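So the chains spell out like this:
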There are 2 protein chains.
Amino acid sequence: MATSSPSDNKATIIDGKAIAQTIRSEIASEVRDLSQKYGKVPGLAVVIVGSRKDSQSYVSMKRKACAEVGIKSFDLDLPEDVSQDELISKVHELNANPDVHGILVQLPLPKHINEEKVLGEINIEKDVDGFHPLNIGKLAMKGRDPLFLPCTPKGCLELLSRSGVSIKGKKAVVVGRSNIVGLPVALLLLKEDATVTIVHSRTPDPEIVIREADIIIAAAGQASMIKGSWIKPGAAVIDVGTNAVDDPTRKSGYRLVGDVDFHEASKVAGCITPVPGGVGPLTVAMLLKNTLDGAKRAIAQ
Amino acid sequence: MATSSPSDNKATIIDGKAIAQTIRSEIASEVRDLSQKYGKVPGLAVVIVGSRKDSQSYVSMKRKACAEVGIKSFDLDLPEDVSQDELISKVHELNANPDVHGILVQLPLPKHINEEKVLGEINIEKDVDGFHPLNIGKLAMKGRDPLFLPCTPKGCLELLSRSGVSIKGKKAVVVGRSNIVGLPVALLLLKEDATVTIVHSRTPDPEIVIREADIIIAAAGQASMIKGSWIKPGAAVIDVGTNAVDDPTRKSGYRLVGDVDFHEASKVAGCITPVPGGVGPLTVAMLLKNTLDGAKRAIAQ
């Protein structure tokens, strides 16, 4: 039986919080420069519809992060029963507002609203989430550059690069193929010259494929599905999963765990992100970075 | 030593010519229906710039194929020194012409013309090549459907399906990551629930990865790079490569070979496409199919 003494822990823990803090300082400094040079600051519109608790907590985190680095946040809180047309006309107003350089519509939207339609109305030059199909197409294609990279995938690569993990020529396995994480992170790794395999719910033997990987990006949304024995010794493990599991010892009644069994994996991997405190902080930092980049294109042109 | 007696040949040879002929008959019948019902036929504009021999031969093949199935072909032959603006204004005319349902600009274009810019001017509803980044983005994304699938990738899947090869849950390896074949065929296989790996010029040990594949799509543009020993017994092999190699025994001085060593591979694979006569005829058939689909959307709406 494995014991849990600290000496068993071999993996370097990738400190997402600290890395995100470094990036946020870099962004804050660039925002100051922009402000001094042009008298303008980047602006991010964060739109939320309804009162889902998780969405509200994400949104308030994003707004707070903006304030910290000097990005002006435009807050739109719309009622649950807002019509699709009203929401779209709000998006159009934000498209037309020259002080707004990024527009984020917090997902999921209520069922009576077509998400694809609404997201498609965001001006591609303000699509800081990077989810517009034109951005995804350019991300996929060799020789084309999207205006924005999706935040979480970009954060995963930032974690690898700031942890000294090289990608070129490595075997990377992405677990999950969502539009938001799995697919775009696979495309990014491919552009960085990894040999990329995408594993998903229809893969009959994920462990066999995952065990070959030098780099694992876990984005399946399955609590602790990836066991220590599935990991090649020394591999870099980026865990995007954020799953709530019951935990009666906590006041809240639950705790957050990743897609990787962290306890087992941290004895095998070369480096690994914790959950929470790994990818999450990077996602927010990359949103700020995208907003800054959008502002630089708009202001400094 | 293996001998070359016919009894060594185990693989089923996938007859691309015959499959393409079946598809062309299906298309011809649909074109007749459309014509009878609406008094209109699909129209494909095939634009060629300059006098490259290979491009001219592809273009005349496409035009001939149109005629055979009753698609009206609009022929634009522009001189090598046509300006980018002139070419773009021709594309705009074709965009505006209601009798044209598909626009194909034969690549490569002369060096003084920006291909990306010109292709980006084609109305996405007439982008029968399926190369517009918006089409590629929708191809990549779950839950989104591109207006057109790129012809060669679509042809590869058609060959698999008409040969009774199931894709779901299979390990597929795509060799090559071009915008025209490798990348979109990988995205298509992923949408069909294969576990997909993309191998490319920066993969240090392609044979190890390829040997795991139930389905191999070879699109590297490297004559006979994939050896028989790289192929898992029984695998389905689709060879997209068309490479000219010197052959003094031929009048032309060369012959065409694929990316797969056909002689060796046909002893190991379960089924395999020959070169020529495999994927090539399907590419043209899929172009006709895309034009028909574009016409159906435009006419029968």
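Predicted model only: the values in this text are computed from it and were never measured. (Residues numbered from 1 in each chain as written. Chains lettered and ligands numbered in written order. Predicted model: local features only at pLDDT ≥ 70, side-chain atom pairs only at ≥ 80, totals over all residues. Heavy atoms only, no water.)

Bringing the overall build of chain A into the picture now. A count of helical and extended segments in chain A gives 10 helices and 11 strands. For chain A, the C-alpha radius of gyration of 20 Å lies close to 19 Å, the compact-globule estimate for 301 residues. Based on the C-alpha atoms only, the size of chain A along its principal axes is roughly 60 × 40 × 35 Å. Here chain A holds 301 residues, and the buried ones make up 54% of them. Taken as a whole, chain A presents about 13400 Å² of accessible surface, with 50% of it coming from carbon and sulfur. (Helix = DSSP H or I, 4+ residues; strand = E, 2+ residues; numbered from the N terminus. Rg over C-alpha atoms; globule rule 2.2 N^0.38 Å. Buried < 20%, exposed > 50% of the residue type's maximum accessible area, 1.4 Å probe, protein only. Areas by Shrake-Rupley, 256 points an atom, 1.4 Å probe, with all protein chains shown as cover.)

Residues and elements named next belong to chain A. Within the structure shown, the criterion is met by 32 salt bridges over all chains. Here E26 makes a salt bridge to R162, at a shortest N to O gap of 3.0 Å. Placement of E26 in helix α1 (residues 16-38) and of R162 in helix α6 (residues 151-162) is noted, with a sequence separation of 136 residues between them. (Salt bridge = Lys/Arg side-chain N within 4 Å of Asp/Glu carboxyl O.)

Quick look at the sheet that holds strand β4 (residues 102-105) of chain B now. Residue and element names in this part refer to chain B. In space, the 3 strands of this open sheet follow the order β3-β2-β4, with parallel pairing throughout. In the strand order of this sheet, the two ends are held by β3 (72-78) and β4, each with one partner. Ignoring strand direction, the axes of neighbouring strands in this sheet form an average angle of 15°. With 7 bridges joining them, strand β2 (residues 43-49) and β3 adopt parallel strand pairing. Looking at the pairing, I48 lines up with D77 of β3. (Pairing = 2+ DSSP bridges. Axes fitted to C-alpha atoms, helices over the stretch in contact; angles between N-to-C directions.)

Residue and element names in this part refer to chain B. Taking 1.5 Å per residue, 12 residues should reach 16 Å; helix α6 (residues 151-162) reaches 16 Å between its end C-alpha atoms and fits that length. Counting buried residues along α6, 9 of its 12 residues qualify, which places the element largely inside the surrounding structure. When we look at burial in α6, the residues that qualify are C151, T152, P153, K154, G155, C156, L157, L159 and L160. Looking at the buried residues of α6, the elements they touch are α1 (16-38), α7 (182-191), β7 (215-218), β8 (236-239) and α10 (279-299). (Expected span 1.5 Å × (residues − 1). Contact = heavy atoms within 4.5 Å.)

Let us now look at the side chain of N95 of chain A. Residue and element names in this part refer to chain A. Mapped onto the elements, N95 comes out in helix α3 (residues 84-96). A distance of 2.9 Å separates the side chain of N95 from the backbone nitrogen of N123, its partner in a polar contact. Not counting residues up to four positions away in its chain, the partners in contact with N95 are I103, E121, I122, N123 and K126. (Polar contact = N/O pair within 3.5 Å; in protein donor to acceptor, adjacent residues only side chain to side chain.)

Residues in a regular strand project their side chains so that they alternate between the two faces of the sheet. All names here are of chain B. Here β7 shows two buried faces, one formed by I215 and I217 and the other by I216 and A218. Where strand β5 (residues 171-175) lies against β7, 4 bridges are found, and the strand directions are parallel. Within β7, the residue paired with V175 across the bridge is A218. The pairing of β7 with β8 spans 4 bridges and is parallel. Its bridge partner being in β8, I216 is matched across the sheet by V237.

Residues and elements named next belong to chain B. Topologically, L157 is positioned in helix α6. The buried category is assigned to L157, whose relative accessible area is 10%. Put simply, L157 and L134 are 23 residues apart on the chain and 21 Å apart in space, counted from C-alpha to C-alpha. Setting aside residues no more than four positions away along its own chain, L157 makes contact with I167, V185, L188, L189 and E192.

Across the boundary between the two partners, chain B contributes 36 residues, which contact 36 residues of chain A. For the chain B and chain A pair, buried surface summed over both sides reaches about 3100 Å², with 60% attributable to carbon and sulfur atoms. The interface formed by chain B and chain A holds 4 salt bridges in total. Taking the shortest distance from any N to any O, the salt bridge between R177 of chain B and D193 of chain A comes out at 2.7 Å. Linking chain B to chain A there are 15 residue pairs in polar contact (both at pLDDT 80 or more). Of all the elements in the fold, those that place two or more residues in the side of chain B that touches chain A are α5 (133-140), α7, β6 (195-199) and α8 (206-210) of chain B. Here the side of chain B that touches chain A gets 6 residues from one element, more than from any other, and that element is α5 of chain B. Looking at the side of chain B that touches chain A, its residues break down into 16 nonpolar, 10 polar and 10 charged. Note that strand β6 (residues 195-199) of chain A and β6 of chain B share 3 bridges and pair antiparallel. (Buried area = accessible area lost by both parts, 1.4 Å probe. Nonpolar A, V, L, I, M, F, W, Y, C, P; charged D, E, K, R; others polar.)

Moving on: the environment of V105 of chain A. All names here are of chain A. Assignment of secondary structure puts V105 in strand β4 (residues 102-105). Sequence spacing of V105 and T291 is 186 residues, and the spatial spacing of their C-alpha atoms is 14 Å. Those residues in contact with V105, other than ones at most four positions away along the chain, are V47, V91, L119, I122 and D129.

Once that is clear, we can look at the UniProt feature "domain: Tetrahydrofolate dehydrogenase/cyclohydrolase NAD(P)-binding" (unreviewed entry) in chain A. The UniProt record marks residues 150-297 of chain A with the feature "domain: Tetrahydrofolate dehydrogenase/cyclohydrolase NAD(P)-binding" (unreviewed entry), using the residue numbering of this structure. A distance of 17 Å separates the end C-alpha atoms of residues 150-297 of chain A, which is 34% helix and 19% strand. (UniProt positions renumbered as here; feature names shortened; annotations may be inferred.)

So, about the packing of aromatic side chains. Under the definition given, this model contains 0 aromatic pairs over all chains. Lying over the aromatic face of F74 of chain A, K72 of chain A brings its terminal NZ or CZ to 4.9 Å of the ring centre. Geometry around F148 of chain B places R297 of chain B over its ring, the cationic atom sitting 4.7 Å from the centre. (Phe/Tyr/Trp six-rings, centres within 6.5 Å; stacked < 30°, edge-to-face > 60°. Lys NZ or Arg CZ within 6 Å of the ring centre and 35° of its normal.)

Residue and element names in this part refer to chain A. The alternating pattern of strand β8 (residues 236-239) places A236 and I238 and V237 and D239 on opposite faces, both of which are buried. Looking at chain direction, β8 and strand β11 (residues 271-272) are connected through 2 bridges and run parallel. Considered in β11, the bridge of V237 is made with I272.

Another point: the state of the cysteines. All names here are of chain A. This structure, assessed with the given rule, holds 0 disulfides over all chains. Between C271, a cysteine without a disulfide, and C156, which holds the nearest cysteine sulfur, the sulfur-to-sulfur distance is 12 Å. Given the relative accessible area of 9%, C271 is considered buried. (Disulfide = S-S within 2.5 Å.)

Under the UniProt annotation, "domain: Tetrahydrofolate dehydrogenase/cyclohydrolase catalytic" (unreviewed entry) lies at residues 14-129 of chain A. End C-alpha to end C-alpha, residues 14-129 of chain A measures 24 Å, and it is 52% helix and 16% strand.

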